[in-house]
Amino acid sequence: MEQTYDSVRVTNTSVPNLSLDGTYIWNVRNILSKSNNMNSFLGNVGYKVPKFGKVTAYVYLLDYDDLAKKSSQTYGIRFTGVAAPVENFKILYLAEYAHQSDYQDNPADFDADYYHINGGFKIPDMGPIFKNLTAKIGYEFQGSDNGVSFKTPLGTNHAFNGWVDKFLATPADGLTDLYGMISGNLMGVTAKFIYHTFDADEGSADYGDEFDVMLKYSFNKHYSVLAAYGTYDADEFATDTDKFWLQLVVNF
């Protein structure tokens, strides 16, 4: 199910290249349709550096009323950019770092780090039948301290650490994710292939590997069909799992 919020959000982009965003949340209904009361503030400041990319500094202060062990404070900075050294070729890059610790009534005492880097390229036009060839390789690290891992309880985690959803909640020993992705559009069919290898931060556990593939075709302006498949090969975490999705989308 879609995660929804009772919240107020204010944004401001009146200054060129500068964006301000602040949100106050007092209730969240999660993907399991369970409501959690909170008093949480999310804020970020973004600045576009012409020809280089965008720098964003953020703070997330999550204060759960009834789930104190999930309360945390996170401070981070993120840089994303696109460079075009020659025509029809773009270089893609991302670097991010964040620090998370206990907050308010959380009984745990922890300080966990997060970082994420990736790089790749995009070729928008490869002829009349092949468009937007994109390839990336990246490394994401969610650390652990005193048996508590870096977590993103409000995040769209399905989109990041494998579509099979073995890591919707970060394991207590943390998570490292080395991944590669390639995508493109061939004769109107968009295809994406992703490979992950997962390991623990604390200890030497090799969690497992995952391969995901997605095909999407849009037609008649209002319709699209999507098919996706994910397979997780467990080593020292969870179990072997296969998932398949098929959906029809109508926009009107």
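Because the structure is predicted, anything quoted here is derived from the model rather than measured. (Residues numbered from 1 in each chain as written. Predicted model: local features only at pLDDT ≥ 70, side-chain atom pairs only at ≥ 80, totals over all residues. Heavy atoms only, no water.)

Quick look at the overall build of the protein chain
Right, so step 1: Broken down by element type, the protein chain carries zero helices and 15 strands.
Right, so step 2: Scaling as 2.2 N^0.38, a compact globule of 252 residues should have a C-alpha radius of gyration of about 18 Å, and the protein chain matches this with 20 Å.
Right, so step 3: With the C-alpha coordinates of the protein chain rotated into their principal frame, the extents come out at 60 × 50 × 40 Å.
Right, so step 4: A total of 252 residues make up the protein chain; the buried ones form 37% of that total.
Right, so step 5: Here the contacts in the protein chain between residues at least 6 apart in sequence split such that 47% fall between residues at least 24 apart.
Right, so step 6: Counting only carbon and sulfur atoms, one obtains 58% of the accessible surface of the protein chain, whose full area is about 14500 Å².
Right, so step 7: Taken together, the 19 basic and 31 acidic charged side chains of the protein chain have centroids lying 14 Å from each other. (Helix = DSSP H or I, 4+ residues; strand = E, 2+ residues; numbered from the N terminus. Rg over C-alpha atoms; globule rule 2.2 N^0.38 Å. Buried < 20%, exposed > 50% of the residue type's maximum accessible area, 1.4 Å probe, protein only. Contact = heavy atoms within 4.5 Å. Areas by Shrake-Rupley, 256 points an atom, 1.4 Å probe, with all protein chains shown as cover. Lys, Arg positive; Asp, Glu negative; His and termini not counted. Charge placed at Lys NZ, Arg CZ, Asp CG, Glu CD.)

Description of the pattern of salt bridges
Right, so step 1: Scanning the entire structure with this criterion turns up four salt bridges.
Right, so step 2: Residue arginine 9 is joined to aspartate 21 by a salt bridge in which the shortest nitrogen-to-oxygen separation is 2.5 Å. Taken together, the positions of arginine 9 in strand β1 (residues 4-12) and aspartate 21 in strand β2 (residues 18-29) put the pair 12 residues apart, joining distant regions of the chain.
Right, so step 3: In this structure, the salt-bridge partner of lysine 131 is aspartate 125, at a minimum N-O distance of 3.1 Å.
Right, so step 4: Relative accessible area serves as the criterion here: at 30%, lysine 131 is assigned to the partly exposed category. (Salt bridge = Lys/Arg side-chain N within 4 Å of Asp/Glu carboxyl O.)

Focus on a negative patch on the surface
Right, so step 1: On the surface, a cluster of negative charge is made up of Asp233, Asp235, Glu236, Asp240 and Asp242.
Right, so step 2: Structurally, the position occupied by aspartate 235 is in the loop between β14 (223-234) and β15 (241-250). (Patch = residues over 30% accessible without salt bridge, like charges linked within 9 Å, V, L, I, M, F, W, Y side chains within 5 Å.)

A few points about a nonpolar patch on the surface
Right, so step 1: Nonpolar side chains collect at one region of the surface, where Tyr223, Val225, Tyr229, Phe244, Leu246, Leu248, Val250 and Phe252 lie side by side and expose about 890 Å² of accessible area between them.
Right, so step 2: Counting residues per element, the nonpolar patch draws most heavily on β15, which supplies four residues.
Right, so step 3: As for its placement among the helices and strands, tyrosine 229 is situated in strand β14.
Right, so step 4: Judged by its relative accessible area of 31%, tyrosine 229 is partly exposed.

A word on the environment of glycine 53
Right, so step 1: Along the polypeptide, glycine 53 turns up in strand β4 (residues 53-62).
Right, so step 2: Glycine 53 has contacts with Tyr47, Lys48, Phe79, Thr80 and Gly81, leaving out every residue within four places of it along the chain.

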